Amino acid sequence: MKHNWDMIVVGGGPAGTVAARYAAQKGVSVLVLEKDREIGLPVRCGEGVSIRGLEMYTPVNPKWICREISSVDFYAPDGRLVELDFSLKGAILDRRLFDRDLADLAVQAGAVVKTRANVTGLLLDNGIVTGVKVQIRHEEYVLRSRIVIAADGVESRIARQAGIKTAVTPENMDCCVQVTAHGIKFNPDALSFYMKREYAPGGYVWVFPKSETSANVGLGISGNNTHLISPYRSLMKFLGDTFPDASWSGLVAGGVPTDKTLKQITAPGLMVAGDAARMVNPLSGGGIHAAMSSGKLAADTAVEALEKNDISREFLQRYANAWHEKSGKNHEGLFRLKEIVNKLTDEDLNSLGEKMAAIPKEKRSLTRIFKAVVWNKPRLILDVARAFSGI
Ligand SMILES: Cc1cc2nc3c(=O)[nH]c(=O)nc-3n(C[C@H](O)[C@H](O)[C@H](O)COP(=O)(O)OP(=O)(O)OC[C@H]3O[C@@H](n4cnc5c(N)ncnc54)[C@H](O)[C@@H]3O)c2cc1C
């Protein structure tokens, strides 16, 4: 294997493989290192996306789509259903295929992808990142590169080694569990959200259809609430209460950082992307789109930096600026909305459900929902105004 690369990408998720593809297309020599045995496995994801969001970064292969989505259903704690019109075309992916094909597209563009390649450390020369130490199938290698992209997901360790503060406070780290439930009766055309605090304090329960009779059913509980309730037990209770006849398979667990993006996402020779940079939508917990978007932005800056032979933090800051210009304000607004939603009790949510149900479906919007929140809780008016100034 070559020991010198223009760009090494740590992590073969959507952030890493999209970054690899865009850079390789511009003639950059790219190596992607993925610690798992296979790209795309294990799938730790509800697999819900907006198709338009995907199309911005890749041609969409119909084989990736398990189910198209045409509406969003919210269930208030008292069981009241509030349907929202879904203006975006949504889909439930087969992430195993999706992640694998994104890696394949990167390889077609000229990148090299290695699996079972666990990056154990960064090479640093006078504070400049110059490559990685990696264990590939029990062999240790030292690989040099002019730029490293840390796309190593929620458990990221790479950025920290370059001195970047990556810690997430417990209230901004959702602890999630999910199963695929089979033989259930539900709305197979909707993303369904259950807001009862008893099941998911600081989060929500999702039911995302995989077919007419099966769905990814999962929940996230914010880390500061997991001492109150175990996510696994809570999910079992939800399944027992809601789909008592269901069988389930494929239990997975994982963290979702619903935090603000890291203050620092670059260091000399290094850029951090996707979950590793805490770019997940803090309100919904969806991070596939942000991962792809940041991967592309990081690749654009990497290509320029390599052309200009300037990998200083000042130059790479163009990536951070591009991210903040494209998504930063919106992201902060969504973070504030999440904080507001977390302040609502079951009673607040029931009353909100009642108000929303009285509004015609086509007029139910995020703005209308938060207007109703303020009506109920006037002291939240400033928080809501601040949140919407970012969106
Ligand atoms: C339960 C759950 C449900 C979710 N549901 C949704 C959803 O419905 N919709 C949505 O948009 N998002 C969802 N998300 C979030 C989404 O999965 C992530 O935001 C997305 O995968 C982020 O992509 P990424 O490339 O940044 O990181 P990842 O996809 O996590 O990829 C990072 C990769 O880096 C590898 N890696 C880590 N450390 C190393 C190392 N040292 N060396 C080599 N490789 C390494 C990992 O093995 C991994 O493959 C969910 C997350 C969870 C946990």
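Residues numbered from 1 in each chain as written. Predicted model: local features only at pLDDT ≥ 70, side-chain atom pairs only at ≥ 80, totals over all residues.

Visitor: Provide a residue-level description of the overall build of the protein, including the pertinent values.
Guide: Regarding its fold elements, the protein presents ten helices and 16 strands. Computed over the C-alpha atoms, the radius of gyration of the protein is 21 Å, within 12% of the 21 Å expected from 2.2 N^0.38 for a compact globule of 391 residues. In terms of overall dimensions, the protein has C-alpha extents of about 60 × 45 × 40 Å along its principal axes. Going through the 391 residues of the protein one by one, you find that 48% of them count as buried. In the protein, once contacts between residues fewer than 6 apart in sequence are set aside, the share between residues at least 24 apart is 70%. (Helix = DSSP H or I, 4+ residues; strand = E, 2+ residues; numbered from the N terminus. Rg over C-alpha atoms; globule rule 2.2 N^0.38 Å. Buried ≥ 20, exposed ≤ 12 C-beta atoms within 10 Å, placed from the backbone. Contact = placed C-beta atoms within 7 Å.)

Visitor: Describe helix H1 (residues 14–25), naming the residues involved and giving the relevant values.
Guide: The end-to-end C-alpha separation of H1 is 16 Å, in line with the 16 Å expected for twelve residues at 1.5 Å each. Of all twelve residues in H1, eleven are buried; the element is thus mostly enclosed. Considered for burial, the residues of H1 that qualify are Pro14, Ala15, Gly16, Thr17, Val18, Ala19, Ala20, Arg21, Tyr22, Ala23 and Ala24. Buried-residue contacts for H1 involve strand E1 (4–10), strand E2 (30–33), helix H3 (95–108), strand E9 (139–150) and helix H6 (288–308). One or two positions beyond H1, positive phi appears at glycine 27, with a value near 90°. (Expected span 1.5 Å × (residues − 1).)

Visitor: Quick one: what's the story with the packing of H1 against H3, residue by residue and with numbers?
Guide: Two packed helices can be described by the angle between their axes and the distance between those axes. Orientation of H1 relative to H3, taken along the N-to-C sense of each, is 20°, at an axis distance of 8 Å. If you check the angle between H1 and H3, you find them roughly parallel. Relative to H3, H1 is oriented so that their crossing is left-handed. Counted together, Pro14, Thr17, Val18, Ala20, Arg21 and Ala24 of H1 and Asp99, Leu102, Ala103, Leu105 and Ala106 of H3 form the full contact between these two elements. Partitioning the contact of H1 with H3 into residue classes produces eight nonpolar, one polar and two charged. (Axes fitted to C-alpha atoms, helices over the stretch in contact; angles between N-to-C directions. Parallel < 35°, antiparallel > 145°, perpendicular 65-115°, else oblique. Left-handed = near helix turned anticlockwise from the far one by under 90°. Nonpolar A, V, L, I, M, F, W, Y, C, P; charged D, E, K, R; others polar.)

Visitor: Pulling in residues and values, what's your account of H6?
Guide: Helix length check: H6 (21 residues) gives 31 Å between terminal C-alpha atoms against 30 Å at 1.5 Å per residue, within 8%. The buried fraction of H6 is high, at 16 of 21 residues. Among the residues trailing H6, asparagine 309 stands out with phi positive, at a value near 55°.

Visitor: Before we move on, can you summarise the site of the ligand with the specific residues and values?
Guide: Inspection of the region around the ligand gives 38 residues, with Gly11, Gly13, Gly153, Gly274 and Gly287 positioned closest. When residues of the shell around the ligand are traced back to their parent elements, those giving at least two are H1, strand E3 (48–50), strand E7 (117–125), strand E10 (173–182), strand E14 (247–257) and H6. Residue-level mapping places the shell around the ligand at the junction of two domains, with at least three residues from each of domain 1 (4–45 + 96–168 + 260–328) and domain 2 (70–93 + 169–257). (Near = placed C-beta within 6 Å. Domains from an automatic or database assignment.)

Visitor: Can you explain the pairing of strand E11 (residues 190–194)? Please cite residues and give values.
Guide: The buried fraction of E11 amounts to four of the five residues, a majority that puts the element mostly inside the structure. Across five bridges, strand E4 (residues 65–75) lies against E11 in parallel orientation. Considered in E11, the bridge of valine 72 is made with leucine 191. (Pairing = 2+ DSSP bridges.)

Visitor: Tell me what's going on with the nonpolar core, and back it up with residues and numbers.
Guide: Within soluble globular proteins, side chains that are nonpolar generally end up buried alongside one another. Among the nonpolar cores identified, the biggest contains 109 residues, and Val10, Ala19, Ala23, Val30, Ile149, Val272 and Ala273 are the most heavily contacted of them. Sort the elements by how many residues they give to this core and H6 lands first, with ten residues. The contact partners of alanine 273, leaving out residues within four places of it in the chain, are Ala15, Ala19, Ile149, Ala151, Ala291, Ser294, Gly295 and Ala298. (Core = buried A, V, L, I, M, F, W, Y, C linked by C-beta atoms within 7 Å.)

Visitor: Go over the environment of methionine 173 with me, naming the residues and quoting the values.
Guide: For methionine 173, the location among the structural elements is in strand E10. Using a count of 22 C-beta atoms within 10 Å as the deciding quantity, one classes methionine 173 as buried. Setting aside anything within four residues of it in sequence, one finds methionine 173 in contact with Val168, Gly223, Gly255 and Pro257.

Visitor: With reference to specific residues and values, describe the domain arrangement of the protein.
Guide: In terms of domain boundaries, the protein breaks down into domain 1 (4–45 + 96–168 + 260–328), domain 2 (70–93 + 169–257) and domain 3 (337–390). Put simply, the middle of domain 1 and the middle of domain 2, counted by C-alpha atoms, are 30 Å apart. Listed per partner, the contact involves ten residues of domain 1 and eleven residues of domain 2. Its residues assigned to classes, the side of domain 1 that touches domain 2 shows six nonpolar, one polar and three charged.

Visitor: Help me get a handle on the packing of H6 against helix H7 (residues 313–343), residues and values and all.
Guide: Running from N to C, H6 and H7 point in directions that differ by 145°, and their axes come no closer than 9 Å. In the crossing of H6 with H7, the sense of the turn from one axis to the other is right-handed. Each of Ala290, Ser293, Ser294, Leu297, Ala298, Thr301 and Ala305 in H6 lies in contact with H7, whose residues at this interface are Phe315, Leu316, Arg318, Tyr319, Ala322, Trp323, Lys326 and Ser327. Here the contact of H6 with H7 is composed, by residue class, of nine nonpolar, four polar and two charged.

Visitor: Account for unusual backbone geometry, naming residues and giving values.
Guide: Along the chain, leucine 41 connects to proline 42 via a cis peptide bond; the corresponding omega equals -5°. Even without a glycine there, the phi angle at arginine 137 is positive, about 45°. With a phi close to 70°, histidine 138 is a non-glycine residue in the positive phi region. Mapped onto the secondary structure, histidine 138 falls in the loop between strand E8 (128–136) and E9.

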